[in-house]
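As a plain string of letters, each chain reads:
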Amino acid sequence: MTGMLVSDVVAALGARRDRSAWDRGVTAYAIDMLEGLEVEELFPRTVEKTLLNGAPTWHDYSWGGCALIYDADIAERLCCPSELRRTRGGERRPNAREEWLDTQARACFQAAHRIKRIVCRNK
């Protein structure tokens, strides 16, 4: 079974033309995850486990400090200017059901699936 080079996945992500703040943030998380890896090749069957970096779930990945840890940083990465004003730069919760770390967990989950699609498409 052959894998895909991490550098090729980063290049594919860098070539994306994301329009929304959320999509740009998800792509930034994907690139951050890949740059933090100590492997050079990703395999379709083990992509998610590799990206989780030892965490059992994306919730644990986010709440465990594997990504951004400050609410303001998460808000800045994922929100458009009007959402940043509404949440006062991350001081207020993103919505009634989540904390910022929950929102980040969703973004990391989407980032991982974005990476998986690239790896599986090019196997």
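Residues numbered from 1 in each chain as written. Predicted model: local features only at pLDDT ≥ 70, side-chain atom pairs only at ≥ 80, totals over all residues. Heavy atoms only, no water.

Caption draft 1: Representation of the overall build of the protein. When you go through the protein residue by residue, the secondary structure sums to 7 helices and 2 strands. Along the protein, helices (α) and strands (β) appear in the sequence β-α-α-β-α-α-α-α-α when read from the amino end. Taken over the C-alpha trace, the protein has a radius of gyration of 15 Å; the compact-globule value for 123 residues is 14 Å, and the two agree within 12%. Oriented by its inertia axes, the alpha-carbon framework of the protein measures out at about 50 × 30 × 20 Å. Counting the 123 residues in the protein, one finds 37% classified as buried. Put simply, of all contacts in the protein between residues at least 6 apart along the chain, 71% involve residues at least 24 apart. Per element, the accessible surface of the protein, about 7400 Å² overall, is 49% carbon and sulfur. For the protein, the distance from the average position of its 19 positive side-chain charges to the average position of its 18 negative side-chain charges is 8 Å. (Helix = DSSP H or I, 4+ residues; strand = E, 2+ residues; numbered from the N terminus. Rg over C-alpha atoms; globule rule 2.2 N^0.38 Å. Buried < 20%, exposed > 50% of the residue type's maximum accessible area, 1.4 Å probe, protein only. Contact = heavy atoms within 4.5 Å. Areas by Shrake-Rupley, 256 points an atom, 1.4 Å probe, with all protein chains shown as cover. Lys, Arg positive; Asp, Glu negative; His and termini not counted. Charge placed at Lys NZ, Arg CZ, Asp CG, Glu CD.)

Caption draft 2: Local environment of the environment of E40. For E40, the position within the fold is in the loop between α2 (21-35) and β2 (41-42). Using a relative accessible area of 65% as the deciding quantity, one classes E40 as exposed.

Caption draft 3: Local environment of the nonpolar core. Core analysis: the largest hydrophobic core is formed by 31 residues, its most contacted members being V9, L13, L34, L42, L51, W58 and I115. When residues of this core are traced back to their parent elements, those giving at least two are α1 (6-14), α2, α3 (47-52), α4 (58-63), α5 (71-78) and α7 (100-121). The leading source of residues in this core is α7, at 9 residues. Sequence-distant contacts of L42, that is, excluding residues within four places in its chain, are made with G3, M4, V6, V9, L34, L37, V47, T50, I115 and V119. (Core = buried A, V, L, I, M, F, W, Y, C linked by side-chain atoms within 4.5 Å.)

Caption draft 4: The packing of α2 against α5, seen in detail. Two elements in contact, α2 and α5, have axes whose closest approach is 7 Å; the angle formed by their N-to-C orientations is 115°. Contacts between α2 and α5 involve A21, W22, G25, V26, A28, Y29 and D32 on the former and, on the latter, I74, R77 and L78. The class makeup of the residues in the contact of α2 with α5 is 7 nonpolar, 1 polar and 2 charged. (Axes fitted to C-alpha atoms, helices over the stretch in contact; angles between N-to-C directions. Nonpolar A, V, L, I, M, F, W, Y, C, P; charged D, E, K, R; others polar.)

Caption draft 5: Summary view of unusual backbone geometry. The phi dihedral of N53 falls on the positive side, at around 55°, and the residue is not glycine. Summarising the element assignment, N53 is placed in the loop between α3 and α4. Positive phi, close to 55°, is recorded for R88, a residue that is not glycine.

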